[in-house]
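# Commentary on secondary and tertiary structure
If you want the building blocks of each chain, they are given just below.
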There are 2 protein chains.
Amino acid sequence: MLSSDFKKQYLRTLANCDNSLFRHPQRTMTERLQSLLPLAAQYSEADCYGQGELVNEFEQQVAAMLGHEAALFLPSGTMAQTMALRIWAEKKHCNQVAFHPTSHLQLHEQNAYQVLHGLDSCLVGKLNEVINRADLDTIHIPLAALLLELPMREIGGQLPTWKELEAQQKWAKSQGIALHLDGARLWSCSEYYQKTLAEIGSLFDSVYVSFYKDLDGIAGAMLTGSAEFIDEARIWTRRLGGNLITLFPDILAAKQGLTDNIPLMPDFVAKAATIAKLFNQHFPTHTIPLCPPCNLFHLVIEQSAKELMPKVMKWSEQYNMALLPLPRTQTDTSCRFEISIGQNALKVSNHDWQKAIASFAHDIILD
Amino acid sequence: MLSSDFKKQYLRTLANCDNSLFRHPQRTMTERLQSLLPLAAQYSEADCYGQGELVNEFEQQVAAMLGHEAALFLPSGTMAQTMALRIWAEKKHCNQVAFHPTSHLQLHEQNAYQVLHGLDSCLVGKLNEVINRADLDTIHIPLAALLLELPMREIGGQLPTWKELEAQQKWAKSQGIALHLDGARLWSCSEYYQKTLAEIGSLFDSVYVSFYKDLDGIAGAMLTGSAEFIDEARIWTRRLGGNLITLFPDILAAKQGLTDNIPLMPDFVAKAATIAKLFNQHFPTHTIPLCPPCNLFHLVIEQSAKELMPKVMKWSEQYNMALLPLPRTQTDTSCRFEISIGQNALKVSNHDWQKAIASFAHDIILD
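Residues numbered from 1 in each chain as written. Chains lettered and ligands numbered in written order. Predicted model: local features only at pLDDT ≥ 70, side-chain atom pairs only at ≥ 80, totals over all residues. Heavy atoms only, no water.

Here we come to the overall build of chain A. Scanning chain A for helices and strands turns up 16 helices and 13 strands. Against the compact-globule benchmark of 21 Å for 367 residues, chain A has a radius of gyration of 21 Å, which places it among compact chains. Reported as C-alpha extents along the three principal axes, the dimensions of chain A are approximately 60 × 55 × 40 Å. Evaluated residue by residue, chain A yields a buried proportion of 60% over its 367 residues. (Helix = DSSP H or I, 4+ residues; strand = E, 2+ residues; numbered from the N terminus. Rg over C-alpha atoms; globule rule 2.2 N^0.38 Å. Buried < 20%, exposed > 50% of the residue type's maximum accessible area, 1.4 Å probe, protein only.)

Residue and element names in this part refer to chain B. As summarised here, the arrangement of the 4 strands in space is 9-10-13-12, forming an open sheet in which the pairing is antiparallel. Of all strands in the sheet, those bounded by a partner on one side alone are strand 9 (285–288) and strand 12 (329–330). With 2 bridges joining them, strand 12 and strand 13 (residues 335–340) adopt antiparallel strand pairing. Directly across from Q330, in strand 13, lies its bridge partner C335. Lying on the sheet, helix 13 (residues 265–280) is in contact with strand 9 and strand 10 (296–301); it crosses strand 9 at an angle near 145 degrees. (Pairing = 2+ DSSP bridges. Contact = heavy atoms within 4.5 Å. Axes fitted to C-alpha atoms, helices over the stretch in contact; angles between N-to-C directions.)

This part covers the relation of the copies chain A and chain B. If you rotate chain A by 180 degrees and push it 0.0 Å along the axis, it lands on chain B with an RMSD of 0.0 Å. Such a combination of rotation and displacement between the chain copies is what one expects of a two-fold axis. Of the residues that chain A buries at the interface, 100% are likewise interface residues in chain B, meaning the two copies contact each other through the same surface. (Least-squares fit on C-alpha atoms with pLDDT ≥ 70 in both.)

The subject of this paragraph is helix 3 (residues 53–65) of chain A. The first and last C-alpha atoms of helix 3 of chain A sit 18 Å apart over 13 residues, in line with the 18 Å expected at 1.5 Å per residue. Along helix 3 of chain A, the positions that sit buried rather than exposed are L54, V55, F58, E59, V62 and A63 of chain A. What you see down the axis of helix 3 of chain A is that its buried residues fit within an arc of 150 degrees, all on one side. Exposed side chains of helix 3 of chain A directed beyond 90 degrees from the buried face belong to E53 and A64 of chain A. Elements in contact with the buried residues of helix 3 of chain A: strand 2 (70–74), strand 7 (206–210), strand 8 (221–225), helix 11 (227–240) and helix 12 (248–261) of chain A together with helix 2 (29–40) of chain B. G67 of chain A occupies a position one or two residues after helix 3 of chain A and carries a positive phi of about 75 degrees. (Expected span 1.5 Å × (residues − 1). Arc of directions from axis to C-beta.)

As a measure of interface size, the accessible area lost when the parts come together is often cited. Listed by partner, the interface residues are 42 residues for chain A and 42 residues for chain B. For the pair chain A and chain B, the summed buried surface comes to about 3700 Å²; carbon and sulfur atoms form 71% of the total. It is M29, L33 and R239 of chain A in chain A that bury the most area against chain B; as a group they hold 20% of the surface buried on that side. Linking chain A to chain B there are 0 salt bridges. Linking chain A to chain B there are 10 residue pairs in polar contact (both at pLDDT 80 or more). Where the side of chain A that touches chain B is concerned, the elements lending two or more residues are helix 2 (29–40), helix 4 (77–92), helix 6 (112–115), helix 11 and helix 12 of chain A. (Buried area = accessible area lost by both parts, 1.4 Å probe. Salt bridge = Lys/Arg side-chain N within 4 Å of Asp/Glu carboxyl O. Polar contact = N/O pair within 3.5 Å; in protein donor to acceptor, adjacent residues only side chain to side chain.)

Below, the discussion takes up the side chain of H180 of chain A. Structurally, the position occupied by H180 of chain A is in strand 6 (residues 178–183). Apart from residues lying up to four places away in sequence, H180 of chain A is in contact with Q81, A84, L85, L146, L147, L148, F204, S206, V207, Y208 and L223 of chain A.

What follows deals with the domain arrangement of chain A. Residue and element names in this part refer to chain A. The assigned domain composition of chain A is domain 1 (4–26 + 264–366) and domain 2 (47–245). Computed over C-alpha atoms only, the centres of domain 1 and domain 2 are separated by 29 Å. Contacts between the two partners involve 17 residues from domain 1, matched on the other side by 18 residues from domain 2. Between domain 1 and domain 2 the total buried area reaches about 1500 Å² when both faces are included, carbon and sulfur atoms providing 52% of it. Among the residues domain 1 hides against domain 2, the three largest losses belong to M265, P293 and R328. Together they make up 31% of the total. Taken together, domain 1 and domain 2 are joined by 2 salt bridges. The tally of links between domain 1 and domain 2 comes to 8 residue pairs in polar contact (both at pLDDT 80 or more). Of all the secondary structure elements, the ones that give two or more residues to the side of domain 1 that touches domain 2 are helix 13 (265–280), strand 10 (296–301) and strand 13 (335–340). (Domains from an automatic or database assignment.)

The next point concerns the nonpolar core. Counting residues in each nonpolar core, the largest one holds 188 residues, and the members touching the most others are F211 of chain A together with F211 of chain B. Setting aside residues up to four positions removed in sequence, F211 of chain A forms contacts with F58, V62, F73, W187, D216, G217, G220, A221, M222, A254 and L258 of chain A. Counting 62 residues, the second largest nonpolar core, distinct from the first, contains L74 and A221 of chain A together with I87 and W88 of chain B. (Core = buried A, V, L, I, M, F, W, Y, C linked by side-chain atoms within 4.5 Å.)

This part takes up the packing of helix 1 (residues 4–16) of chain A against helix 14 (residues 305–319) of chain A. Residue and element names in this part refer to chain A. Packing of helix 1 against helix 14 leaves a shortest axis separation of 10 Å and a crossing angle of 25 degrees. With respect to helix 14, the element helix 1 is oriented roughly parallel. Of the two possible hands of crossing, helix 1 and helix 14 adopt the one that is left-handed. Residue-level contacts link F6, Q9, Y10, T13 and L14 of helix 1 to M309, P310, V312, M313, S316 and E317 of helix 14. In the contact of helix 1 with helix 14, the residues fall into 7 nonpolar, 3 polar and 1 charged. (Parallel < 35°, antiparallel > 145°, perpendicular 65-115°, else oblique. Left-handed = near helix turned anticlockwise from the far one by under 90°. Nonpolar A, V, L, I, M, F, W, Y, C, P; charged D, E, K, R; others polar.)

We now examine the pairing of strand 6 of chain A. All names here are of chain A. Extensive coverage of strand 6 is indicated by the burial of 6 of its 6 residues. Every second residue of strand 6 is oriented toward a common face, with A178, H180 and D182 on one face and L179, L181 and G183 on the other, all of them buried. Handedness of the β-α-β unit built from strand 5 (residues 145–149), helix 8 (residues 162–175) and strand 6 comes out right-handed. Direction of pairing for strand 6 relative to strand 7: parallel, over a ladder of 4 bridges. (Right-handed = clockwise from strand over helix to strand, strands pointing away.)

Turning to the state of the cysteines, a few remarks are in order. Taken as a whole and judged by the stated rule, the model has 0 disulfides over all chains. For the unlinked cysteine C48 of chain A, the closest cysteine sulfur is that of C17 of chain B, found at 18 Å. For C94 of chain B, which is in no disulfide, the shortest distance to another cysteine sulfur is to C122 of chain B and amounts to 10 Å. (Disulfide = S-S within 2.5 Å.)

All names here are of chain B. Residue position: T274 is located in helix 13. Taking relative accessible area as the criterion, T274 reaches 26% and is therefore assigned partly exposed. On a C-alpha basis, the gap between T274 and W353 in space is 9.1 Å, while along the polypeptide they are 79 residues apart.

Our next topic: the packing of aromatic side chains. One pass over the structure, following the stated rule, counts 22 aromatic pairs over all chains. Ring centres 6.1 Å apart and planes at 15 degrees place the aromatic pair F6 of chain B and Y10 of chain B in the stacked group. Here the residue F6 of chain B and the residue Y10 of chain B both occupy positions in helix 1 (residues 4–16), the gap between them amounting to 4 residues, near one helical turn. Residue Y10 of chain B is classed as buried on the basis of its relative accessible area of 0%. An aromatic cluster of at least three residues, connected via ring pairs, comprises F58, F73, W187 and F211 of chain A. Against the face of Y49 of chain A rests R238 of chain A, its NZ or CZ located 5.6 Å from the ring centre. (Phe/Tyr/Trp six-rings, centres within 6.5 Å; stacked < 30°, edge-to-face > 60°. Lys NZ or Arg CZ within 6 Å of the ring centre and 35° of its normal.)

All names here are of chain A. In a regular helix each residue adds 1.5 Å, so 15 residues correspond to 21 Å; helix 14 covers 20 Å between its end C-alpha atoms and thus fits that length. Turning to helix 14, its buried residues are A305, L308, M309, K311, V312, M313, W315 and S316. Two residues or fewer after helix 14 comes N320, characterised by a positive phi angle close to 55 degrees.

If you want it as structure tokens, here you go:
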């Protein structure tokens, strides 16, 4: 295990690098606030308890983007998704919902679906694989909803094929089950499917998307669905304490992040494929998946964190380059990193990435 | 009933007035964001999932102000309070909690305490009066917690005496019941009690305070209590979807609002007493309570909203003064307004308020 002092020092080192492989440029609070000023000036007033031109216009925009009738801006994805499942559970008079064992609901929400919403989970799919149509045949209990995640974050941003997705949607429909999408990082999936976000979103009864991950917002999420579904969601938002007097900084940043980053998604995805290929050329690194279908992948290095990370820190200082975040998971003999490609990676040419990654692999191997 | 068109027009009229009796100066989103820049520059990084110097230092500051060991910044009061009651309910192995029939939990939260947290309510106290010690003797069921509100918003900001408060605290202690404070507008209560906020807060096992009402923040709340209680609250925050990647704009604005407005609280309270007195000199207006103990009171005018409000709008336009918000409640023959005194009222001298209110009463009576 890495000490918390080392972690802090490592993050400081990364923050000081001029170049970075992952995510978007780090900005100070001052820079973030200043960046919102031009958009803020375009609206006469802030949202007030979920109402007003700023938020309602943005909700309409995102609903349309995702092929749905209505949308609701929310403080967080945890709130959005547990709420969505609760609504489907009440509508279907059934408190059982299905999701993958690596779902955010299972790993990162202190069992909110259960403790707070009284839902029971049915875990579906193999641990390191996307859910497929055959997995659904193993479900032998009645369900209110099936949650799919696109891309699946904890397994390196893998995606099922479009045919698979359609088959799963058909199955859900045949069972009278709601299909909910955890689309926290959905934005980059259009490329692989060669479908619009609306075409992907339309397969689902409800969709959650996030604004601060790939889109570089401050915080915040959107839940989309039918007008009736969103009316229900507004009531649950009040209950959960998510109906704030205003969320204007988050809304402005989300709106801006969408405008700035959606057009770059094809570049992020292409860059991710290139970078992954470069890593895969060099033992002892490999990516999961080998050919990333979106802007996210995992990088596995077969060394312990204690052995590896001091070398990575030294390398980063020497080359003024943030190549790896802290490991997302680790074993005694390997580390797994989440690489999310955003604006930072685009600033460095493929040729320079090739040189950097070759040097990195060389130094890590020879050390 | 007033039409929504009239309401919009009325709010526009108020927004255009140079002087206002209630609340703080209205600021555009741009002005708000700009006002945060100096404070933002003092911190090297934003809070991240509830951690970091900015938020943890502020939590410590507010915990100490309220006489408690620990505190937790949260997106909303609804989240803070239902969470607090849920924690007490689990700790006491009892799902019954007591509060006043006008509590925010009863009126404005879509029954979250019940539907979301599985709590049962025991309503205590008379509808238009503060809860007193004798009311507690009418409780004949086991309770996990008693929630008191200081000041009581829906009845015009009334406060029980200090002796009453102490007696209620003693009762709660003798019953093994947790005492929770809805202190959304607590900040102005020191004057009446001649006690510090820490002395008031110390009577309670947990306290919720708000940053955007009297303090002019953007949004956000704080929950304070023992370190053990706050540890539990962090888990519930995660479950409720309130543990955001960052809340920095809200935290900065809250911190600034506290610094700017706490020193002015005695002035707000004195001004509220003066203004209420002026209204009470003029039939057909009177305040609830007659002598406000804090910076909040209700003003009752014995006319229907349909009759009254067009005259108020005309008067406001003529005198360039926002004297009344939209009615908070109304009957066929009367309107009740919530007057919350902040920085706006201080900008006008008592002499000028006297002239304004006399003119207002004259015009409203003669019309």
